[in-house]
Amino acid sequence: MTILQNHHIRNIAIIAHVDHGKTTLVDFMLRQGGVFGARQHVGERVMDNMDLERERGITIASKNCSLLYDNIKINIIDTPGHSDFGGEVERGLKMVDGAILLVDASEGPLPQTRFVLKKALESNIKIIVVINKIDRKDARPQEVLDDIYNLFIDLEADDDQIDFPVLYAVGRQGIAQYSLDDTGVNLEPLFKSIIKEIPAPSYDPDEPFQMLVTNLAYSDYVGRLAIGRIFNGSVQKNAELVCVGKDGLARRLRVSSLQVYEGIHLQEVKDVAPGDIIILSGIDMVEIGDTICMAESPKALKRISVDEPTVSMRFMINTSPLAGLEGSIVQSRKIEERLQKEILHNVALQVEPGQNSESFTVKGRGEFQMAILVETMRREGFELSVGRPEVIFKEKDGIRLEPIEHLFIDCPDEFMGIITEKISSRLGKMINMINHGSGRVRIEFSIPSRGMIGYRSQFMTDTKGTGLMSSYLMGFEPYRGHVASRVSGVLVSDRAGRAVPYALFNLEPRGTLLIQPGTPVYEGMIVGEHNRRQDINVNPCREKKLSNMRAAGKDENVVLKPVLPMTLERAIEFIKNDEIIEVTPKSIRIRKAILNHSQRKHSAES
């Protein structure tokens, strides 16, 4: 068997922890690669083209682009840095021969760095390490480089993988350099390292055309688009091809459009070469992981495999008295269609039928991934209800196993006691602690995924907003026991109406309010968090009785405490198992699963 290489192409992925500068670096690579004209105005983080990505400052979905350097085409894949979107990382790594591992010069390797690097090493691709943000006042690049070597060793990298080239960069200025003593001017050292270190894509000239579908998109003009890398052979427009699915059956198709990435846009071409990343249109029945090949010699490639889901969440139609008032899409059939559409291009998600025809169980990597899906749906006009995230247990040899997270916490050392106490109550175990002597401490815990649900907001309160928390899945361990959820009860509205200031003012001593005056309420809707453990029914609509009796002075104005707006993530962390979240394009409400008080009481007694 003869193996050749296409030296005119390099395929690379950018991998890093959240907020270490991946997308900003890609911006400057595109600018210096001549993708944008000198007079062309380009906004920041051009690759983050989703509204949610721009608002949150993170990458959620993998994206492709390309540039030309020294007549060599460099295909770049910008991948997410959060482990909840690990399916995006795994898809991206299937298309490349190398990766740029970006690490913050101050923070060093963090949990998601470990996660994405582990995936890259398993794929056996070449790594270039770039230590970014060396202009930070608290930068410690030499110590960070030592930490990176330790991380490679800890992940059992082989000798070739540990022998990685290192560059130093200031991504937001578009500067890269070979050593700390150099004076960076542009990203030329990075481009040269990519050409030199990343192997050109290899192929077998005797094999027919084979393309692995790693992403799907949709065009209003040409329909569904299949995106993937050519592993062998070449193809022309209007060629007779087949798609080999997971059932092994070959379905005939005709390519109506053949495109490649030029910059951040698509360019129509007549034919393509092995190793390139292409976009085919005119294909209706295709899924991620399918192989597209020649009709006369169908031969499937190995399908994409992703880590199994660890968290599930119930998706239901909205059954509250306010259903249908704020959303345009409310039917269960439409919700199911939208979820099925999501799993077509998100291989890390699974959708199963729920307890009845109007509910569905969605399984994924984490509560953040679920929150992003729900937020996307509400912005599309959907109105639905979702339940509390639940971890997915396993059973092996009669032993119940649960997912365990490796939790990293970076905070001022004054908060170490309260954090350790709270995590211990959630069955967490301290496994490491590092004190750099700078007033901050880094603590590592192993904790059940169940214990992580609902802890983030409490953590931010305990550390007064100064703490950093991140985690990744370690694996499965025997069930550790019961984890207490929210200890406080809630204030539940006992009637429908609109909340009035007078009633809310009198409810403030009972707990923390979640609604403002004028908010529509209904029986069973949660309007506040109680100071005590039990739930109580309250009347948020009670107005002051009018009479002709007056005080000596004038009536005082009611002044209420400010209410923190309810967000989807906050609601997901807040609710218990008998509560659900009502999600509409305009509102996030929390309610009891059973609205009627008598029925709720009867259900609790039984």
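Residue positions are given per chain, counted from 1 along the sequence in the order it is written. Restriction of local features to residues with pLDDT of at least 70 applies here, the model being predicted, together with a cutoff of 80 or more for giving and counting side-chain atom pairs; totals for whole chains, interfaces and linings are based on all residues. The side-chain quantities take in all heavy atoms of the structure and omit both hydrogens and water.

*Asks:* In this structure, what is going on with the overall build of the protein chain? I would like to understand it.
*Replies:* A run of DSSP states H or I qualifies as a helix once it reaches four residues; a run of E qualifies as a strand once it reaches two. Both are numbered from the N-terminal end. Within the protein chain, the regular secondary structure consists of 15 helices and 37 strands. Its C-alpha atoms give the protein chain principal-axis dimensions of about 95 × 65 × 60 Å. The contact rule is simple, with two residues in contact once any of their heavy atoms fall within 4.5 Å. By sequence separation, contacts in the protein chain at least 24 residues apart represent 71% of the contacts at least 6 residues apart. Residue-level accessible areas treat just the shown protein chains as cover; the underlying method is Shrake-Rupley with a 1.4 Å probe. Here the protein chain has roughly 28,700 Å² of accessible surface; of this, 48% comes from carbon and sulfur atoms.

*Asks:* Please clarify how the environment of Q331 should be interpreted in this entry.
*Replies:* Structurally, Q331 can be placed in the loop between β20 (311-317) and α8 (332-345). The exposure class assigned to Q331 is partly exposed, which follows from its relative accessible area of 38%. Taking C-alpha positions, Q331 is 17 Å from V362, a pair spaced 31 residues apart along the chain. Buried residues are those whose accessible area, probed at 1.4 Å on protein chains only, stays under 20% of the maximum for their type, while exposed residues exceed 50% and partly exposed ones sit between those limits.

*Asks:* What should I look at first to understand the confidence of the model for the protein chain in this one?
*Replies:* Low-pLDDT portions of the prediction should not be read for the details of their coordinates. For the protein chain, the average pLDDT comes to 84, and 92% of its residues sit at 70 or higher. Scored from 0 to 100, pLDDT records how confident the predictor is in each individual residue. Here residues 38-43 is a poorly scored stretch, pLDDT under 50, and it has five contacts once near neighbours within four places are set aside; other chains count. Under a pLDDT of 50 for its full length, residues 45-49 has, in the predicted model, 29 contacts with residues more than four places off or in other chains.

*Asks:* Help me understand a negative patch on the surface in this model?
*Replies:* Taken together, the side chains of D158, D159, D160 and D163 present a region of like negative charge at the surface. Examined against the element boundaries, D158 turns out to sit in the loop between α5 (141-154) and α6 (159-162). On the basis of relative accessibility, which here comes to 36%, the residue D158 falls in the partly exposed class. Only residues whose relative accessible area exceeds 30% and that form no salt bridge enter a patch; like-charged residues are grouped when within 9 Å of one another, and nonpolar side chains (Val, Leu, Ile, Met, Phe, Trp, Tyr) when within 5 Å. By definition here, a salt bridge exists when the distance from a side-chain nitrogen of Lys or Arg to a carboxyl oxygen of Asp or Glu is within 4 Å. Think of it this way: Lys and Arg go in the positive column, Asp and Glu in the negative one, and His and the chain ends go nowhere. Charged groups are reduced to one reference atom each: NZ for lysine, CZ for arginine, CG for aspartic acid, CD for glutamic acid.

*Asks:* Even after reading the chapter, I still don't get the nonpolar core, so can you show me in this structure?
*Replies:* One broad trend across soluble globular proteins is that nonpolar side chains are buried collectively. Among buried residues, those of type Ala, Val, Leu, Ile, Met, Phe, Trp, Tyr and Cys that are joined through side-chain atoms within 4.5 Å constitute a nonpolar core. Judged by nonpolar contacts, the single largest core of 40 residues is most densely connected at I127, I131 and F152. Ignoring any residue separated from it by four or fewer positions in sequence, one finds I131 in contact with V103, A105, P141, V144, L145, I148, V166, L167, Y168 and A169. Listed in part, the 32 residues of the second largest apolar core include L349, V492, A571 and I590.

*Asks:* Looking at this model, I keep getting lost on the packing of aromatic side chains. Mind explaining?
*Replies:* Working definition: an aromatic ring pair is given by the centre-to-centre distance plus the angle between the planes. Only the six-membered ring of Trp is used, alongside the rings of Phe and Tyr, when aromatic pairs are assigned; centres must lie within 6.5 Å, and planes under 30 degrees apart are stacked while those over 60 apart are edge-to-face, with the rest tilted. Enumeration according to the criterion identifies five aromatic pairs in this entry. Ring centres 4.7 Å apart and planes at 25° place the aromatic pair Y149 and F164 in the stacked group. With Y149 in helix α5 and F164 in the loop between α6 and β7 (166-170), the pair connects residues that are 15 residues apart, well separated along the chain. Under the relative-accessibility criterion, Y149 is labelled partly exposed at 30%. By the ring-pair criterion, three or more aromatic residues cluster together here, those being Y149, F152 and F164. One Lys or Arg, K394, reaches over the ring of F476 and ends 4.2 Å from the middle of that ring. Charges are assigned to positions over rings by a cutoff of 6 Å between ring centre and Lys NZ or Arg CZ, combined with an angular limit of 35 degrees from the ring normal. Here the guanidinium or amino end of R400 rests over the ring plane of Y479, the centre of that ring lying 4.7 Å away.

*Asks:* In this structure, what is going on with α8? I would like to understand it.
*Replies:* Given 3.6 residues to a turn, an α-helix orients residues that are three or four positions apart in the same direction. For α8, with 14 residues, the first-to-last C-alpha span of 21 Å sits near the 20 Å given by 1.5 Å per residue. Within α8 the residues assigned to the buried category are I335, R338, L339 and E342. Around the axis of α8, the buried residues are gathered within 100° of arc, so they sit on the same side. On its buried side, α8 packs onto β20, β21 (350-353), β22 (359-364), α9 (367-379) and β23 (384-386). Multiplying one less than the number of residues by 1.5 Å gives the expected span of a helix. The arc in question is the one spanned by the directions pointing from the helix axis to the C-beta atoms.

*Asks:* Mind showing me how you'd approach the packing of helix α1 (residues 22-32) against helix α7 (residues 188-197) here?
*Replies:* Helices that pack against each other are described as a pair by the angle of their axes relative to one another and the distance between those axes. Lines fitted to the C-alpha atoms define the axes, with helices restricted to the stretch that makes contact. Angles between their N-to-C directions range from 0 to 180 degrees. Contact geometry for α1 and α7: axes closest at 11 Å, N-to-C directions at 90°. Classified by the angle between their axes, α1 and α7 sit roughly perpendicular to one another. Along its contact with α1, which presents L25, M29 and Q32, the element α7 presents E188, L190, F191 and I194. Three classes are used, and their members are as follows: Ala, Val, Leu, Ile, Met, Phe, Trp, Tyr, Cys and Pro are nonpolar, Asp, Glu, Lys and Arg are charged, and the others, Gly among them, are polar. Among the residues making up the contact of α1 with α7, the classes are represented as five nonpolar, one polar and one charged. In this scheme, roughly parallel covers angles under 35 degrees and roughly antiparallel covers those over 145, while 65 to 115 is roughly perpendicular and the rest are oblique.

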